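Given next are the chains, with one letter for each unit.
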Amino acid sequence: MKETSIVYLDSVSKVYPTAQGEFFAARQVTLDVQAGEFFSILGSSGSGKTTTLRMIGGFEVPEYGQVWIGGEEVTELPPYQRNVHTVFQSYALFPHMTVAQNIAYPLTIAKFPRSEIQPRITEALKMFRIEGLGDRYPAQLSGGQQQRVALARALISRPKVLLLDEPLSALDAKIREEVRQELRDLQHQLNLTFIYVTHDQEEALALSDRIAVMHQGKVEQVGAPKDIYDRPASKFVAQFIGKANFLSGTVLSLAEGRAQVQIQGQVIEAAIANHTPQLQETVTLMIRPENIKLKDSASVPSENQIQNSIQNHIQGQITGMIYVGQTQEIQYQTPLGQLTVTQLGNAIAQPENTLSWNIEDCIIIQPE
């Protein structure tokens, strides 16, 4: 893995001394990033995601473990000796330099011939749609334009890996969405490796080939966006990525990747995903609100049909609704407990009181 991955972290840990003892900003982080991937590191503030990125970039040296880039061990090499570039949250543009000078800076300090620098500047200005801005200074640019200049500067020397630390967080929602799509298109076009740090779940899901979710300095799960969302490895991941209903019950039986679970006297079926439980174990089930379907009690199948159906069914009473634009969130009180249902549209035509969901959409997750 070390030799074939473009970036490989081998059980790296970053430790800071405190009055209370050692603090692990990152603890035994192992990641492997393949060439051409858009790889995101997702986590809340203090999760260790930026520390991990800084260890890849050479701005932090781990106390334990190794960092490999392009098949070479670079753990203690400074940033300028690694073939990676970093785009910081603050953009870090030089205020006294023009846009063209900012973009050219990596080539200038690398002593590229002037005859090669100018064509690359022209190409970068065109690629990032900032032609005509070459003579302006950063203070004369909008946030979106500054972001494009920072990206152009990072990519002009064509590094193996581009590291991005919350690069869109300073932009407003509309510009952020626009630049986000440009970023994904650019990564595809150039076939570069992007390692992208963010706290925004929607951003990570929309951009990434794979995501590493971090919590308290550790990697909770690595996987494709759909796998992370549909099959979270822990309750933390399930809560952090989107919204979810959680139910607690006791395992009654196990068979063929499924389990029967008793919850407050009711028996429902659930899929076994990342955690295989034992009989009589107390487990947590997760159901995404959009996977719960509604129907009126008049159309509820018979008990025999329910037993042969791939769905679970439960009666419920509406206790509240929240309108959130294209969807509405409906709160139901059920024999299993409180459940939230997400439905498209402005309003339900009538107060449906039967909730149903596919067994595969109700999964047993790893206990805390």
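Placed above this text is the structure.
What counts and what doesn't
- Within each chain, residue numbers correspond to sequence positions counted from 1 in written order.
- Given that this is a predicted model, residues contribute local features only at a pLDDT of at least 70 and side-chain atom pairs are listed and counted only at 80 or more, while totals for whole chains, interfaces and linings are drawn from all residues.
- Computation of side-chain values covers all heavy atoms of the structure but excludes hydrogens and water.
- Runs of H or I in DSSP of at least four residues are treated as helices and runs of E of at least two as strands, each being numbered from the N terminus.
- Take the residue count of a helix, subtract one, and multiply by 1.5 Å to get its expected span.
- Using a 1.4 Å probe on the protein chains alone, a residue whose accessible area is under 20% of its type maximum counts as buried, one over 50% counts as exposed, and one in between counts as partly exposed.
- The contact criterion used throughout is that any non-hydrogen atoms of two residues lie within 4.5 Å.
- Buried Ala, Val, Leu, Ile, Met, Phe, Trp, Tyr and Cys residues that are joined via side-chain atoms within 4.5 Å together make up what is termed a nonpolar core.
- When DSSP finds two or more bridges between two strands, those strands count as paired.
- Angles shown run from 0 to 180 degrees and are taken between the N-to-C directions of axes, each axis being a line fitted to C-alpha atoms and, for helices, limited to the stretch in contact.
- For Phe, Tyr and Trp, rings pair up if their centres lie within 6.5 Å, where Trp contributes its six-membered ring, and each pair is then called stacked (planes under 30 degrees apart), edge-to-face (over 60) or tilted (otherwise).
- We call two directions roughly parallel when the angle between them is under 35 degrees, roughly antiparallel when it is over 145, roughly perpendicular when it lies between 65 and 115, and oblique otherwise.
- Helix crossings get a hand from a simple test, with the near helix turned counterclockwise from the far one by less than a right angle marking a left-handed crossing and a clockwise turn marking a right-handed one.
- Only Asp, Glu, Lys and Arg are considered charged, only Ala, Val, Leu, Ile, Met, Phe, Trp, Tyr, Cys and Pro nonpolar, and every remaining residue, Gly among them, polar.
- Any carboxyl oxygen of Asp or Glu that lies within 4 Å of a side-chain nitrogen of Lys or Arg is treated as forming a salt bridge with it.

Q: Sorry if this is basic, but what is going on with unusual backbone geometry here?
A: A negative phi angle characterises most non-glycine residues, just as the trans form characterises most peptide bonds. Positive phi values are uncommon outside glycine, yet serine 11 reaches one of about 50°. With respect to the helices, strands and loops of the structure, serine 11 is situated in strand 1 (residues 7-18).

Q: Hey, could you run me through helix 4 (residues 143-155) in this one?
A: Note on helix geometry: an α-helix contains 3.6 residues per turn, so any two residues three or four positions apart are oriented the same way. When the terminal C-alpha atoms of helix 4 are compared, their 19 Å separation across 13 residues agrees well with the 18 Å that a helix rising 1.5 Å per residue should span. Among all positions of helix 4, only Gly144, Gln146, Gln147, Arg148, Val149, Ala150, Leu151, Ala152, Arg153, Ala154 and Leu155 are buried. The inward-facing, buried residues of helix 4 abut strand 6 (84-87), helix 2 (99-109), helix 3 (114-127), strand 7 (161-165) and helix 5 (173-190).

Q: Would you take a moment to explain helix 2 for this structure?
A: Those residues of helix 2 lying buried are Val99, Ala100, Asn102, Ile103, Ala104, Pro106 and Leu107. Tucked into the core, helix 2 has its buried residues touching strand 6, helix 3 and helix 4. Backbone geometry just after helix 2 places lysine 111 at a positive phi near 60°.

Q: Help me understand the nonpolar core in this model?
A: Inside soluble globular proteins, nonpolar side chains tend to come together where they are buried. Core analysis: the largest hydrophobic core is formed by 35 residues, its most contacted members being Ile103, Ile130, Leu162, Leu164 and Phe194. If you tally residues by element for this core, the top one is helix 4, at six residues. When neighbours within four sequence positions are excluded, isoleucine 130 is seen to be in contact with Val99, Ile103, Leu125, Arg148 and Val149.

Q: For this particular structure, what's the right way to read the sheet that holds strand 8 (residues 193-198)?
A: Hydrogen bonds along the backbone pair up the strands of a sheet, which may run parallel or antiparallel. As summarised here, the arrangement of the six strands in space is 6-7-8-3-9-10, forming an open sheet in which the pairing is mixed. Two strands in the sheet have a free side with no partner beyond their single neighbour: strand 6 and strand 10 (218-223). This sheet shows a mean twist of 15° between the axes of neighbouring strands, independent of strand direction. Relative to strand 8, strand 3 (residues 38-42) runs parallel, the two being bridged by five bridges. The residue bridging serine 40 from the neighbouring strand is tyrosine 196, located in strand 8.

Q: So what exactly am I meant to see when it comes to the packing of aromatic side chains here?
A: Working definition: an aromatic ring pair is given by the centre-to-centre distance plus the angle between the planes. This model, assessed by the stated rule, comprises five aromatic pairs. Taken together, a centroid distance of 5.5 Å and an interplanar angle of 45° make the contact between phenylalanine 38 and tyrosine 196 tilted. Taken together, the positions of phenylalanine 38 in strand 3 and tyrosine 196 in strand 8 put the pair 158 residues apart, joining distant regions of the chain. A residue is classified by how much of its surface remains accessible, and phenylalanine 38, at 0% relative accessible area, is buried.

Q: I would appreciate a short explanation of the packing of helix 2 against helix 3 in the present structure.
A: A pair of packed helices can be characterised by two numbers: the angle between their axes and the separation between those axes. Their axes nearest at 10 Å, the elements helix 2 and helix 3 cross at an angle of 130°. Of the possible angle classes, the one that applies to helix 2 and helix 3 is oblique. In this structure, helix 2 crosses over helix 3, and the sense of that crossing is right-handed. Note on element contacts: helix 3 touches helix 2 through Ile117, Arg120, Ile121, Ala124 and Leu125, opposite Val99, Ala100, Ile103, Ala104, Leu107 and Thr108. Its residues assigned to classes, the contact of helix 2 with helix 3 shows nine nonpolar, one polar and one charged.

Q: Sorry if this is basic, but what is going on with the pattern of salt bridges here?
A: Pairs can form between side chains of opposite charge whenever their charged atoms are close. For the structure shown, the criterion picks out 15 salt bridges. Residue glutamate 182 pairs with arginine 148 through a salt bridge whose shortest N-O separation is 2.8 Å. On the criterion of sequence distance, the pair formed by glutamate 182 in helix 5 and arginine 148 in helix 4 is long-range, its members being 34 residues apart. Assessed through its relative accessible area of 22%, glutamate 182 is described here as partly exposed. Residue glutamate 202 pairs with arginine 180 through a salt bridge whose shortest N-O separation is 3.7 Å.

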